[in-house]
Amino acid sequence: MRVLITGGAGFIGSAVCRHLVANGAERVVNVDKLTYAGNLQSLRAVDNHPSYVFYRADVRNEQSLLDIMRLERVDAVMHLAAESHVDRSIDGPGAFAETNVLGTVRLLSAALAYWSELGPTARDRFRFHHISTDEVFGDLPFSGGVFVEETRYAPSSPYAASKAAADHFVRAWHQTYGLPVVLSNSSNNYGPFHFPEKLIPLTIINAMEEKPLPLYGSGANIRDWLHVEDHARALELVMREGRPGESYNIGARAARNNLSVMESICDLLDSRLPRKGGESYRDLITLVADRPGHDRRYAIDPTKIERELGWRPKRGFEEGLSETVDWYLANSWWWEPIRRERYAGARLGGRHRSVA
């Protein structure tokens, strides 16, 4: 299969590229604008592979996208390109509307034009897979509940709102034009090559540098944690075997509150890289003002993808987190330039406070 991946130099996108190359895809076409979070070093393992190719392009450039689809004769599009950090969306929501909404519309238009040119067999085979997030559903009370595919959309942040809008446009292209689309909404991802503005990599790297470990509010907010390589396997299954017009929730049933995640990271580092004074890294955990509109709890029900496509995560959270800590300890070549040149760990999303 010949697959075009938008945002293939990002965290999840690069994992999908590496996964598809390793599993014998005929052609893996990475299209990425290379914004602050795009990093071709994450693709060093596949950069010279004959089935892999990279194009630097913006998802808002419809003609460039169509030209690449035609040149590469793709069978599927996996759309991962997105601004994805909630804190950044609070400080600058416009960029999220531009990339996540307008970019998706432009990509859909290019895909529709390309699909319309195909012969009957190729048209039947073609898929447009839109990768989204559980954040479009809003949040859940601490007392219970889960997100299913039919859960009503109720986004809380500008980021979540932009992804919700993109989801709706994808469904509209299926209903209006017949474009064969599939959608997936996943829980929080973690693993190697994760840009260090997010909770897990930021905690690991700050601890290694003996810096404070910022924890929003009381740390009670709960997320379901999914290893990025398990997610990449699920995304390939949805792309290949998902039913057109359907959406699939992807989660690992690994709910943890933010405080317990940080404490687990500290405990792992205590055993691997003890502090010189003998203190625990837990002593670096520092409570900070909460994020505006911070969702309390996410919990995703993956029953549909388990039942229909036979997917299950291979890693438990404790195993996956341990591997992730070890990866950051062993791969400073990847994250040190990011800390030095792009993002040093400053608090984001703090300019606007709720007045409620």
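Looking up the chain in an unreviewed UniProt entry gives the name dTDP-glucose 4,6-dehydratase, with the organism given as Sinorhizobium garamanticum. Quoted verbatim from the Catalytic activity (unreviewed entry) heading of the UniProt record, the comment on the chain is "dTDP-alpha-D-glucose = dTDP-4-dehydro-6-deoxy-alpha-D-glucose + H2O". In the Cofactor (unreviewed entry) part of its UniProt record, the chain is described as follows: "NAD(+)".

A. Representation of the overall build of the chain within the structure. Helices and strands together make up the secondary structure of the chain, namely twelve helices and twelve strands. Expressed as lengths along the three principal axes of its C-alpha atoms, the size of the chain is roughly 70 × 45 × 40 Å. Scored against the burial criterion, the 356 residues of the chain give a buried share of 56%. Long-range pairs, those at least 24 residues apart, make up 81% of the contacts in the chain with a sequence separation of at least 6. Of the roughly 14400 Å² of accessible surface on the chain, 50% is carried by carbon and sulfur atoms. Mean positive and mean negative side-chain charge positions of the chain (43 and 45 charges, respectively) differ by 2 Å.

B. A look at the side chain of Lys163. Position of Lys163 among the secondary structure elements: in helix α6 (residues 158–177). Asp167 is the oppositely charged side chain nearest to the buried, salt-bridge-free Lys163, at an N-O distance of 5.6 Å. Within the local environment of Lys163, its side chain forms a polar contact with the backbone oxygen of Ile131, the two atoms lying 3.0 Å apart. Contact partners of Lys163, with chain neighbours within four places excluded, come to Ala82, Asn100, His130, Ile131, Ser132, Thr133 and Val136.

C. Molecular detail of empty space enclosed by the protein. The full count for this structure, using the stated rule, is one cavity of 30 Å³ or more. In this structure, the largest cavity encloses a volume near 50 Å³. Lining the largest cavity are Val86, Glu135, Ser156, Ser157, Arg291, Gly293, His294, Asp295 and Tyr298. Looking at the lining of the largest cavity residue by residue, the classes come out as two nonpolar, four polar and three charged.

D. Quick peek at the UniProt feature "domain: NAD(P)-binding" (unreviewed entry) in the chain. As recorded in UniProt, the feature "domain: NAD(P)-binding" (unreviewed entry) lies at residues 4–324. For residues 4–324, the end-to-end C-alpha separation is 27 Å, with 42% helix and 17% strand making up the annotated structure.

E. Structural detail: the environment of Glu209. Following the sequence through the fold, Glu209 ends up in the loop between α7 (199–208) and β8 (213–216). Taking the C-alpha atoms as reference points, Glu209 and Gly145, separated by 64 residues in sequence, lie 38 Å from one another. With residues near it in sequence (within four places) discarded, Glu209 still touches Trp335 and Arg339. Side-chain polar atoms of Glu209 contact the side chain of Lys211, separated by 3.2 Å.

F. Layout of the sheet that holds strand β7 (residues 188–190). Across the sheet, which stays open at both edges, the three strands sit in the order β7-β9-β11 with mixed pairing between neighbours. Looking at the sheet topology across the chains shown, the edges are occupied by β7 and β11 (255–257). Put simply, the sheet's adjacent strands are angled 50° from each other on average, direction ignored. Across three bridges, β7 lies against strand β9 (residues 222–227) in parallel orientation. In the sheet register, Asn189 faces β9, and the bridge partner there is Leu226.

G. Fine view of the pattern of salt bridges. As enumerated under the stated definition, the model contains 28 salt bridges in all. For Glu229, the salt bridge is made with Arg315, and the minimal N-O distance between the two is 2.9 Å. A residue pair is termed long-range when its members are at least 10 positions apart, and Glu229 in helix α8 (residues 228–241) and Arg315 in the loop between α10 (303–309) and α11 (317–330) qualify at 86 residues. With a relative accessible area of 32%, Glu229 lands in the partly exposed category. Residue classification places Arg315 among the partly exposed positions, given a relative accessible area of 21%. Residues Lys304 and Glu246 are paired through a salt bridge, measuring 2.6 Å at the closest nitrogen-oxygen approach.

Definitions and limits used
Residues numbered from 1 in each chain as written. Predicted model: local features only at pLDDT ≥ 70, side-chain atom pairs only at ≥ 80, totals over all residues. Heavy atoms only, no water. UniProt positions renumbered as here; feature names shortened; annotations may be inferred. Helix = DSSP H or I, 4+ residues; strand = E, 2+ residues; numbered from the N terminus. Buried < 20%, exposed > 50% of the residue type's maximum accessible area, 1.4 Å probe, protein only. Contact = heavy atoms within 4.5 Å. Areas by Shrake-Rupley, 256 points an atom, 1.4 Å probe, with all protein chains shown as cover. Lys, Arg positive; Asp, Glu negative; His and termini not counted. Charge placed at Lys NZ, Arg CZ, Asp CG, Glu CD. Salt bridge = Lys/Arg side-chain N within 4 Å of Asp/Glu carboxyl O. Polar contact = N/O pair within 3.5 Å; in protein donor to acceptor, adjacent residues only side chain to side chain. 1 Å grid on protein atoms, 1.4 Å probe; cavity = no way out; pocket = protein on both sides within 12 Å on 5 of 7 lines; lining within 4 Å. Points joined across faces, edges and corners; volume = space filled by probe spheres on them. Nonpolar A, V, L, I, M, F, W, Y, C, P; charged D, E, K, R; others polar. Pairing = 2+ DSSP bridges. Axes fitted to C-alpha atoms, helices over the stretch in contact; angles between N-to-C directions.

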